[in-house]
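Each chain is listed here by its residues.
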Amino acid sequence: MRTALVTGSLIVTTLLPHGHQPLPDQLADTGGGSQLITAVAPAPGSTTGRVVWWERWAGRWFEKGSAEARFGAKGLTDGATRVQGTNTTPTGLYALPYAFGIRRAPAGTQYPYRRVTDASWWCQDNASSSYNRWVEPLPADCAPGESEHLVTYARQYAHGMVIAFNYDRPVHGRGAGIFLHVNGKGATAGCVSVPQEAMRAILRWADPRRRPHIAIGTQTGDLAITRY
């Protein structure tokens with residue numbers, strides 16, 4: 001089988017081993033769209049791994065790009081039972097509602113993109129009705145010490161995408177503010193991060209009409225990405 005890696009206008013075709021299935025074909029679910037990001041760690045305790053972004057054309061998945069990734073300082077855990085404040089990255093399959101950033105969206109970005117301002121916060125206060133939501137300004141029931149003032153993370157939030165973990169019907173105490181964003185100095189507090197150029201490439205690649213999702217998991221075991 002052949003797979004194509006597209007970089008700019010150059011298409012590089014590589015051969016895969018006979019009988020090899022692209023990773024998306026091995027997953028239990030890919031979200032129903034034709035774009036997918038996979039974030040794979042070697043083991044549950046790993047803080048590093050790899051992110052690959054894929055597209056489906058003519059019934060086949062093709063790798064479009066990849067980058068080294070960082071995960072939570074305490075590794076990965078099942079998203080269905082994750083506890084807030086554990087510095088773990090939740091495994092599972094998630095939508096990507098919108099992109100955001102302190103800087104302007106890279107040229108060519110089609111994804112809904114929200115600019116961070118001095119008034120932008122992500123509420124993580126379990127007592128707030130705005131739990132796990134972007135708020136501007138910070139509401140009275142959301143304590144500043146229990147929230148992220150997004151503009152203060154100039155490096156990490158230069159560009160990012162919201163991962164819809166615990167998002168549609170937030171369970172208080174499960175966790176809030178899980179993003180795909182630019183690398184900081186080391187492991188994350190539970191997000192997935194990649195180098196800045198990779199994050200910019202993902203934003204230029206992502207097409208909301210193709211309903212991209214992100215699948216997060218390990219290579220094997222109870223948290224294997226193929227289970228999601």
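In this report, we go over the structure that sits alongside the text. Everything quoted here is computed from the prediction, not taken from an experiment.

Concerning the sheet that holds strand 11 (residues 133-135)
With respect to topology, three strands assemble into an open sheet ordered 11-10-12, the strand pairing being antiparallel. A single partner strand is all that each edge strand has here, and the edge strands are strand 11 and strand 12 (147-149). The sheet shows a mean angle of 25° between the axes of neighbouring strands, direction not considered. Here three bridges tie strand 10 (residues 121-123) to strand 12, and the two strands are oriented antiparallel to one another. Bridging from a neighbouring strand, Trp122 pairs with Glu148 of strand 12.

Let's talk about unusual backbone geometry
Among all residues except glycine, the phi angle is most often negative; among peptide bonds, the trans geometry is most common. Cis peptide bonds are those with omega within 30 degrees of zero, and the linkage from Glu136 to Pro137 qualifies with -10°. The phi dihedral of Arg211 is positive, around 50°, even though this residue is not glycine. Topologically, Arg211 is positioned in the loop between helix 2 (196-205) and strand 16 (213-218). For Arg211, a relative accessible area of 47% corresponds to the partly exposed category.

Focus on the nonpolar core
If you look at the biggest cluster of nonpolar residues, it comprises 31 residues, and the most contacted ones within it are Met161 and Ile163. The leading source of residues in this core is helix 2, at five residues. Discounting residues that sit within four places of it in the chain, Met161 has contacts with Leu96, Tyr98, Ala99, Phe100, Tyr111, Phe179, Leu180, Met199, Ile202, Leu203 and Ala206. Membership of the second largest hydrophobic core comes to 15 residues, among which are Tyr98, Leu150, Ala164 and Tyr167.

Observations concerning the state of the cysteines
Linking two cysteines covalently through their sulfur atoms gives a disulfide. Following the criterion strictly, the structure yields one disulfide and no others. Between the sulfur atoms of Cys123 and its disulfide mate Cys142 the distance is 2.1 Å. Of note, the bridge from Cys123 to Cys142 carries an S-S torsion of about 115° and is right-handed in sense. Of this pair, Cys123 sits in strand 10 while Cys142 is found in the loop between strand 11 and strand 12, placing the two residues 19 residues apart along the sequence. Note on Cys123: relative accessible area 0%, which makes it buried. Note on Cys142: relative accessible area 2%, which makes it buried. For the unlinked cysteine Cys191, the closest cysteine sulfur is that of Cys123, found at 16 Å. Residue classification places Cys191 among the buried residues on the basis of a relative accessible area of 5%.

Thresholds, definitions, all that
Residues numbered from 1 in each chain as written. Predicted model: local features only at pLDDT ≥ 70, side-chain atom pairs only at ≥ 80, totals over all residues. Heavy atoms only, no water. Pairing = 2+ DSSP bridges. Helix = DSSP H or I, 4+ residues; strand = E, 2+ residues; numbered from the N terminus. Axes fitted to C-alpha atoms, helices over the stretch in contact; angles between N-to-C directions. Buried < 20%, exposed > 50% of the residue type's maximum accessible area, 1.4 Å probe, protein only. Core = buried A, V, L, I, M, F, W, Y, C linked by side-chain atoms within 4.5 Å. Contact = heavy atoms within 4.5 Å. Disulfide = S-S within 2.5 Å.

Shape is all these values report; function is a separate question.
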